[in-house]
Amino acid sequence: MIISAATVLIDQELQKEVWLEIKDGVICSINSGTTPEYDLRYEGILIPGFVDIHCHGGGGKYFASLTDSEISQVIATHRAGGTVAGLASLVTEPIENLISQIKRLVPFAQRGEIAGIHLEGPFISTAKPGVHPLDYFQIPNLDLIGKYLRAGSVAMVTIAPELPGAIEVIKHLTAMGIVVSLGHSNATAEEAHAGFDAGAKTVTHLWNAMPPMTLRSPGLVGVALERDDVTIQIIVDGVHVAPEVVQATIAAAPDRFIVTNDAVAPAGLGEGKFPFGTFEVEVKAGRAVRSDGVLAGGVESLYGSLNFLLDLGVNLESAIASMTSRPAALIGQGHIGSLDLGAPVQVIPA
């Protein structure tokens with residue numbers, strides 16, 4: 001297959017008139033200029049597919065579903081929105097449920113349909129639970145984390161660093177090559193620094209499920225913004241974080257922010273009421289909320305977030321990197337987030 005495009009994003013630079021040769025599902029040559037023969041032609045900008053490292057569901061289904069067909073429906077929903085790879089995120093549940101869900105997702109990871117599994121719980125703070133059920137929270141310990149890892153394909157774990165045993169578990173996960181993200185946390189600045197010093201690389205949905213930064217208590221937010229070795233994940237949907245705060249965050253960390261949407265089952269379905277584990281969420285005006293008004297994840301697509309960033313005046317190349325090359329690099333799979341020689345190709349229509 002030959003793909004021709006008026007503009008292509010390569011190495012974070014926009015290049016005019018480029019054509020790509022595809023063989024056996026990978027890019028085998030990148031060429032400047034025009035070609036009279038091609039299979040696909042893009043008059044707009046050809047960019048890598050999105051990489052979403054925090055996604056629970058979509059199209060009415062969850063990654064925690066009981067059947068392969070429902071899991072495939074989640075993947076297909078986000079593929080249609082331009083997401084070609086990502087992590088399947090799981091929320092806090094009883095230990096046996098989580099292990100069963102992990103094992104059900106392993107074949108999808110082995111086939112490359114997902115890039116791995118993200119455990120958003122159970123090692124999070126009861127002070128900042130979001131919609132995670134408090135009954136199943138766990139204190140971090142090596143025995144329990146070992147059970148999850150042996151189930152297979154865990155790529156990222158969210159942890160509140162202030163919990164007893166958290167630092168030891170963060171060091172263990174880091175040594176095992178698992179990305180640790182700090183989040184759902186009531187950590188002080190000192191506790192946040194300890195978590196990052198132990199090996200945590202990123203923070204789960206900055207500003208959400210953590211205390212706000214104040215003059216004398218910077219907390220996890222302030223530490224994440226200050227440290228150059230921390231990659232920031234932020235939800236950009238006009239609901240979770242105010243536009244002005246999104247702008248300030250990006251100004252503070254212009255090369256180390258990643259956009260995720262914490263997408264849940266109603267993503268892609270519009271307004272209505274939908275089941276979420278043991279309770280119901282209502283989607284209205286782009287907000288998914290529990291009956292008590294607590295936000296219950298996102299329903300926006302990454303394509304929508306890209307347009308949101310551009311409306312805020314964010315540089316196009318940086319905005320695209322926040323959904324492609326940066327998240328791919330964070331989880332150690334850089335080949336899926338860029339248009340490079342040898343990169344896999346799955347064509348998403350313009």
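The model shown is predicted, which means the values in this text are computed figures rather than measured ones.

(A) Quick look at helix H6 (residues 219-226). Within H6, seven of the eight residues are buried, which leaves the element mostly enclosed by the surrounding structure. Within H6, the full set of buried residues consists of Gly-219, Leu-220, Val-221, Gly-222, Val-223, Ala-224 and Leu-225. On the buried face of H6, the contacting elements are strand E11 (179-182), helix H5 (189-197), strand E12 (202-203), strand E13 (231-235) and helix H7 (243-252).

(B) Structural context of the sheet that holds strand E14 (residues 257-260). An order of E5-E8-E9-E10-E11-E12-E13-E14 is seen for the eight strands of this open sheet, with the pairing classed as parallel. Taken across any chain shown, the strands that pair with only one partner, and hence form the sheet edges, are strand E5 (50-55) and E14. By the bridge criterion, four bridges tie strand E8 (residues 83-90) to strand E9 (residues 116-119) in an arrangement that is parallel. Within E9, the position partnered with Leu-87 by the bridge is Gly-116. Running over the sheet, helix H4 (residues 166-175) touches strand E10 (154-159) and E11 and is turned about 160° from E10.

(C) Structural detail: the sheet that holds strand E2 (residues 13-23). Overall, mixed pairing links the four strands, which are arranged E3-E2-E1-E4 in an open sheet. At either end of the open sheet lies a strand with only one pairing partner, and these are strand E3 (26-32) and strand E4 (40-46). Averaged over neighbouring strand pairs, the angle between their axes works out to 30° when direction is ignored. Alignment of E2 against E3, held across six bridges, turns out to be antiparallel. The residue bridging Ile-22 from the neighbouring strand is Ile-27, located in E3.

(D) Structural view of unusual backbone geometry. Of note, the bond from Gly-121 into Pro-122 is cis; its omega dihedral lies within 30 degrees of zero at 15°. Positive phi values are uncommon outside glycine, yet Ser-153 reaches one of about 65°. With respect to the helices and strands, Ser-153 occurs in the loop between helix H3 (142-151) and E10. Ser-153 sits in the partly exposed class, given a relative accessible area of 27%. Phi is positive for Ala-209, which is not a glycine, with a value near 60°. As for its placement among the helices and strands, Ala-209 is situated in the loop between E12 and H6.

(E) Molecular detail of the side chain of Thr-231. With respect to the secondary-structure elements, Thr-231 resides in strand E13. Thr-231 sits in the buried class, given a relative accessible area of 18%. What Thr-231 contacts, discounting residues up to four positions off in sequence, is Lys-201, Thr-202, Val-203, Arg-256, Ile-258 and Leu-330.

(F) Representation of the pairing of E2 in the model. Examined bridge by bridge, strand E1 (residues 2-10) and E2 share eight bridges and lie antiparallel to one another. Looking at the pairing, Thr-7 lines up with Lys-16 of E2. Here E1 folds back onto E2 in antiparallel fashion, the turn holding two residues, of which Asp-11 has a positive phi close to 55°. Connecting the antiparallel pair E2 and E3 is a turn made up of two residues, with Asp-24 showing a positive phi of about 50°.

What counts as what
Residues numbered from 1 in each chain as written. Predicted model: local features only at pLDDT ≥ 70, side-chain atom pairs only at ≥ 80, totals over all residues. Heavy atoms only, no water. Buried < 20%, exposed > 50% of the residue type's maximum accessible area, 1.4 Å probe, protein only. Helix = DSSP H or I, 4+ residues; strand = E, 2+ residues; numbered from the N terminus. Contact = heavy atoms within 4.5 Å. Pairing = 2+ DSSP bridges. Axes fitted to C-alpha atoms, helices over the stretch in contact; angles between N-to-C directions.

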